[in-house]
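One-letter residues, chain by chain:
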Amino acid sequence: TTGATNQLYNTGLTTNVSSPIVTIASAYFSYGNRALVSINKTTFTKDWEFTMSGANITDNPMYIASSTSATNPRFFAGGVDGVYAVNDSGSQVWKLAVTSPITAVTYDTAVASRTYATTQDGRVLGLKVSDGTQLWSTKVASASVPVSRPEIYQDVLFVNADKEVRALAGED
């Protein structure tokens, strides 16, 4: 590889775009806290776009995570009004409504039945991948303090909040 640009997909947007998630056939990204887009890696054309409901309150991209299941891939997106699970065809599988905007989502590859999200009001949420059921919620920071995206190691979630690294049990 030379680092030269081989292909380009121009979003035509004036808003920030997230880092992509790349699979065998597609690249996925989000923009403006409101949409998840699938781009065909061969043709660099848009396969689909999933638009979330709710107001766009920020110019920052929403956080996205993905499951690695070959038979049931999902993308998890956090927005102003909730956490969304979207399948690889761009259809909503479920939504968990929240009262505080989602600031980050992550997927537990070791325990494929869970995904996690953080909220603007300082909470970490544990969610069931299959239907979005909230398994637990833990307050780790005040509303004015951002909580980092949870990182997972051996069923323990690590987050940075209020100038502290916190470890949370990821189990149900």
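Up top you'll find the structure we're talking about.
Residues numbered from 1 in each chain as written. Predicted model: local features only at pLDDT ≥ 70, side-chain atom pairs only at ≥ 80, totals over all residues. Heavy atoms only, no water.

Undergrad: A description of the pairing of strand β2 (residues 26–31) should follow, citing residues and the corresponding values.
TA: Buried residues dominate β2, accounting for six of its six residues. Residues Ser 26, Tyr 28 and Ser 30 of β2 are buried on one face, and the alternating residues Ala 27, Phe 29 and Tyr 31, pointing to the opposite face, are buried as well. Summarising the sheet, strand β1 (residues 21–22) and β2 pair through two bridges and their orientation is antiparallel. In the strand pairing of β2, Ile 21 is matched with Tyr 28. Taking the residues between adjacent antiparallel strands as the criterion, β1 and β2 are bridged by three residues. One ladder, built from six bridges, connects β2 with strand β3 (residues 35–40); its direction is antiparallel. Along β3, the bridge assignment pairs Tyr 28 with Ser 38. (Buried < 20%, exposed > 50% of the residue type's maximum accessible area, 1.4 Å probe, protein only. Helix = DSSP H or I, 4+ residues; strand = E, 2+ residues; numbered from the N terminus. Pairing = 2+ DSSP bridges.)

Undergrad: Quick rundown of the sheet that holds strand β9 (residues 102–107)? Include the residues and the values.
TA: Sheet strands pair via backbone hydrogen bonds, and the direction of the pair is either parallel or antiparallel. Read from one edge of the open sheet, four strands run β9-β10-β11-β12, paired in antiparallel fashion. Each end of this open sheet is capped by a strand with a single partner; those strands are β9 and β12 (134–139). Strand-to-strand, the axes of this sheet are offset by a mean angle of 20°, without reference to chain direction. By the bridge criterion, five bridges tie strand β11 (residues 123–128) to β12 in an arrangement that is antiparallel. (Axes fitted to C-alpha atoms, helices over the stretch in contact; angles between N-to-C directions.)

Undergrad: Explain a nonpolar patch on the surface to me, and be specific about the residues and the numbers.
TA: Together, Tyr 153, Phe 158 and Val 165 line one region of the surface with nonpolar side chains, adding up to about 340 Å² of accessible area. If you trace the backbone, Phe 158 turns up in strand β14 (residues 156–161). (Patch = residues over 30% accessible without salt bridge, like charges linked within 9 Å, V, L, I, M, F, W, Y side chains within 5 Å. Areas by Shrake-Rupley, 256 points an atom, 1.4 Å probe, with all protein chains shown as cover. Salt bridge = Lys/Arg side-chain N within 4 Å of Asp/Glu carboxyl O.)

Undergrad: Mind laying out the pattern of salt bridges, listing which residues take part and the relevant values?
TA: Within this structure, the stated rule accounts for four salt bridges. Close ionic contact of Lys 46 with Glu 49 constitutes a salt bridge, the shortest N to O distance being 2.9 Å.

Undergrad: Explain the side chain of Thr 119 to me, and be specific about the residues and the numbers.
TA: Mapped onto the secondary structure, Thr 119 falls in strand β10 (residues 114–119). Owing to a relative accessible area of 1%, Thr 119 belongs among the buried residues under this scheme. In this structure the side chain of Thr 119 is engaged in a polar contact, spanning 2.4 Å, whose partner is the side chain of Asp 121. If near-sequence neighbours (up to four positions away) are discounted, Thr 119 is found in contact with Ser 100, Pro 101, Ile 102, Thr 103 and Leu 125. (Polar contact = N/O pair within 3.5 Å; in protein donor to acceptor, adjacent residues only side chain to side chain. Contact = heavy atoms within 4.5 Å.)

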